[in-house]
Amino acid sequence: MSASILGLWNYWAVIVLMMTGLYIVTARDNLVKKVMGLNIFQVSVIMFYVSMAKVRGGTAPILVEGEETVLYSNPLPHVLMLTAIVVGVATTALALALVVRIQEAYGTVEEDELVRIDDDDG
Amino acid sequence: MKQPRLLREEVILRVVSKALVPLILLFALYVQFHGDFGPGGGFQAGVIFAAGMILYGLIFGLANLQRVWPPRRVELGIGLGVMLYAGVGVATMVRGGRFLAYGALDPHHPVHGQHLGILLVELGVGITVASTLIAIFYALGRVPPEPRG
Amino acid sequence: MPFPVDAILFVFLLTMAVVIARRQELFSAAMLTGLFSLLSAGLFTLMDALDVAFTEAAVGAGFSTILLLGALTRTTGLEYQQRRPRTRPLMIVFSTGAALIYGTLDMPHFGDPAAAIHHHVTPDYLARTPVEIDVPNVVTAVLASYRGYDTLGETMVIFVGGVGVLLVLTGRWRWRRRVR
């Protein structure tokens with residue numbers, strides 16, 4: 001029984017990683033720090049998909065010529081995740097651009113101060 | 001406060017990056033056009049190409065980099081890649097196939113059509129990714145025109 | 001039992017994430033995110049995802065770090081000491097984690113060849129790629145040909161993201177009128 005539960009370790013590691021990212025996003029006030037947390041969160045999701053694609057004893061899905069019986073890992077999650085990484089960097093860049101704009105407009109990127117400034121303005 | 005030294009005045013950084021940048025760009029092209037045989041493809045190649053350019057820009061200054069890649073041209077590149085990608089789809093439709101069914105590009109030999117289609121599509125992806133990343137680097141490096149406050 | 005490299009790398013990765021969470025100096029935290037990405041790229045390689053590892057190494061360790069550093073030079077390098085209590089975020093995080101771990105109990109095991117995701121379209125892709133596309137790298141074949149629509153969409157998202165950054169940071173409107 002214990003051996004069967006331990007076979008799920010990859011999901012648990014990914015979940016702990018995701019919890020760290022979620023903690024940074026929810027608990028920290030600094031917006032740049034939040035973006036870093038989102039990055040960690042993103043890596044954890046990607047890791048989740050890639051770990052599901054792994055086949056025990058398999059190899060990378062690059063076909064070996066003339067061999068019929070090679071066991072390959074699942075290429076489909078790899079495809080989806082590799083585009084997700086690049087899209088993720090584009091969205092990270094957009095988030096950071098907005099953070100830079102907030103800094104220019106408010107002079108701070110700490111969330112509690114932003115809320116206070118907005119409250120003072122009415 | 002001590003005046004910070006420019007990065008290009010650091011001998012090691014200058015020499016190493018000057019040797020590395022061409023190799024990085026060459027590697028990016030290899031990854032771009034060899035992506036169907038080994039790991040790689042447009043996404044990776046675009047990022048590596050942009051990384052090489054950004055390394056050059058960091059060491060030798062934004063102005064020098066912008067002489068090689070004027071911001072206007074980079075901004076055009078963002079759209080060009082997407083248009084190349086979608087254009088391949090339109091071309092397959094004109095040739096009587098379905099959108100992005102590359103087999104139609106070479107009616108006598110659909111496998112060759114697939115090869116050509118994948119090559120062009122990956123090239124489009126690579127152009128868009130590289131241009132986008134370089135453009136983002138320019139945008140972050142540019143100081144805003146109006147005074148703060 | 002083989003040497004559990006992947007588990008050890010995971011431990012490194014988790015440590016790195018915790019250190020990033022606790023760092024107050026954002027510059028060093030940004031450098032650590034680069035290292036974090038590099039470690040995760042190593043882990044992707046171990047899980048046979050060479051293309052993903054390649055992308056993560058180039059994007060995460062290269063470009064994202066530069067992006068974060070660039071943003072930090074235009075904002076602030078130091079995070080403020082936080083005063084408010086952290087019990088509520090911790091509660092949210094732990095309840096989410098518990099729910100997810102409960103959800104994994106029915107999942108197929110790590111590396112299980114009988115898992116459902118290996119038996120729907122994947123054998124089809126693996127079998128048809130040598131015949132129809134004739135490129136060795138199945139990831140490229142699926143990316144560019146079988147799922148060309150998806151990739152076109154992703155390229156479009158990158159396009160929109162890039163245009164968004166340009167508009168936010170250097171749009172023409174910033175020259176026309178002063179903001180605040």
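Let me sum up the structure you'll find in this document.

Analysis parameters
- Residues numbered from 1 in each chain as written.
- Chains lettered and ligands numbered in written order.
- Predicted model: local features only at pLDDT ≥ 70, side-chain atom pairs only at ≥ 80, totals over all residues.
- Heavy atoms only, no water.
- Helix = DSSP H or I, 4+ residues; strand = E, 2+ residues; numbered from the N terminus.
- Buried < 20%, exposed > 50% of the residue type's maximum accessible area, 1.4 Å probe, protein only.
- Contact = heavy atoms within 4.5 Å.
- Rg over C-alpha atoms; globule rule 2.2 N^0.38 Å.
- Areas by Shrake-Rupley, 256 points an atom, 1.4 Å probe, with all protein chains shown as cover.
- Lys, Arg positive; Asp, Glu negative; His and termini not counted.
- Charge placed at Lys NZ, Arg CZ, Asp CG, Glu CD.
- Core = buried A, V, L, I, M, F, W, Y, C linked by side-chain atoms within 4.5 Å.
- Domains from an automatic or database assignment.
- Buried area = accessible area lost by both parts, 1.4 Å probe.
- Salt bridge = Lys/Arg side-chain N within 4 Å of Asp/Glu carboxyl O.
- Nonpolar A, V, L, I, M, F, W, Y, C, P; charged D, E, K, R; others polar.
- Axes fitted to C-alpha atoms, helices over the stretch in contact; angles between N-to-C directions.
- Parallel < 35°, antiparallel > 145°, perpendicular 65-115°, else oblique.
- Polar contact = N/O pair within 3.5 Å; in protein donor to acceptor, adjacent residues only side chain to side chain.

1. Here's the deal with the overall build of chain A
Regarding its fold elements, chain A presents 5 helices and 0 strands. Helices and strands appear in chain A in the N-to-C order α-α-α-α-α. Considering only C-alpha atoms, chain A reaches an extent of 70 × 40 × 15 Å along its principal axes. In chain A, buried positions account for 60% of the 122 residues. In chain A, of all internal contacts separated by at least 6 residues, the share reaching a separation of at least 24 is 42%.

2. Structural notes on the overall build of chain C
Per the secondary structure count, chain C includes 8 helices and 0 strands. Computed over its C-alpha atoms, the radius of gyration of chain C comes to 22 Å, more than 25% above the 16 Å expected for a compact globule of 180 residues. Along the first, second and third principal axes, the C-alpha set of chain C runs to 60 × 45 × 30 Å. Partitioning the contacts of chain C with sequence separation of at least 6, the portion at a separation of at least 24 is 50%. In the form shown here, chain C has an accessible surface area of approximately 9,000 Å², with 67% of it arising from carbon and sulfur atoms. Averaged over its 15 positive side-chain charges, chain C has a centre that lies 28 Å from the centre of its 13 negative ones.

3. Thoughts on the nonpolar core
Counting 108 residues, the largest nonpolar core has M47 of chain A together with F36 and V52 of chain C as the members making the most contacts within it. Looking at this core, the element that brings in the most residues is helix α4 (residues 75–106) of chain A, giving 14 residues. When residues of this core are assigned to domains, at least three fall in each of domain 1 (1–81) and domain 2 (148–180) of chain C. Discounting residues that sit within four places of it in the chain, V52 of chain C has contacts with I46, V50, H78, M81, L82 and I85 of chain A together with F44 of chain C. Judged by nonpolar contacts, the second largest core, of 7 residues, contains I15, L22 and Y23 of chain A together with V93 of chain C.

4. As for the interface of chain A and chain C
One widely used convention gives an interface's size as the accessible area the parts lose upon coming together. At the interface, 80 residues of chain A touch 92 residues of chain C. Surface buried jointly by chain A and chain C totals about 7,900 Å² across both partners, of which 75% is contributed by carbon and sulfur atoms. Joining chain A to chain C, the criterion identifies 2 salt bridges. As a salt-bridge pair, D48 of chain C and K54 of chain A come within 3.1 Å of each other at their nearest N and O atoms. For the side of chain A that touches chain C, the secondary structure elements donating two or more residues are α1 (2–6), α2 (9–27), α3 (31–53), α4 and α5 (111–120) of chain A. The biggest single contributor to the side of chain A that touches chain C is α4 of chain A, with 26 residues. For the side of chain A that touches chain C, the class distribution of residues is 53 nonpolar, 16 polar and 11 charged.

5. Focus: the packing of α3 of chain A against α4 of chain A
Residues and elements named next belong to chain A. The contact between α3 and α4 brings their axes to 10 Å, and the two run at 175 degrees. The orientation of α3 relative to α4 falls into the category roughly antiparallel. Side by side, α3 and α4 meet where L31, V32, V35, N39, Q42, I46, Y49, V50 and A53 of the first sit next to P77, H78, M81, A84, I85, G88, T92, A95, L96, V99 and I102 of the second. Taken together, the residues of the contact of α3 with α4 sort by class into 15 nonpolar, 5 polar and no charged.

6. Some words on the interface of chain C and chain B
Counting from both sides, the interface comprises 43 residues of chain C and, opposite them, 47 residues of chain B. Counting the surface lost from both chain C and chain B, the interface buries some 4,100 Å², and carbon and sulfur atoms represent 72% of this. Looking at the side of chain C facing chain B, the largest losses of area belong to F54, F63 and R74 of chain C, adding up to 15% of the total buried there. Viewed at the interface, chain B and chain C are joined by 14 residue pairs in polar contact (both at pLDDT 80 or more). Broken down by secondary-structure element, the contributors of at least two residues to the side of chain C that touches chain B are α3 (50–74), α5 (122–133), α6 (138–146), α7 (148–170) and α8 (173–176) of chain C. At 14 residues, the largest contribution of residues to the side of chain C that touches chain B is made by α7 of chain C.

7. Section: the pattern of salt bridges
Once their charged atoms are close, side chains differing in charge can pair, the charge on each being opposite to the other. In this structure the tally under the stated criterion is 9 salt bridges over all chains. Between R128 of chain C and D124 of chain C there is a salt bridge, and its shortest N-O distance comes to 2.8 Å. In this pair, R128 of chain C and D124 of chain C are both assigned in helix α5, 4 residues apart and thus about one turn of the helix distant. The network of salt bridges with shared partners includes R101 and E104 of chain A together with R74 of chain C.

8. Points about unusual backbone geometry
Not every positive phi belongs to a glycine, and L100 of chain B is a case in point at roughly 65 degrees. Counting through the fold element by element, L100 of chain B comes out in the loop between α4 (71–94) and α5 (110–141). For L100 of chain B, a relative accessible area of 4% puts it in the buried group. Here the phi dihedral of D48 of chain C falls at roughly 70 degrees; this positive angle occurs in a residue that is not glycine. Within the secondary structure, D48 of chain C sits in the loop between α2 (26–46) and α3. Note on D48 of chain C: relative accessible area 10%, which makes it buried.

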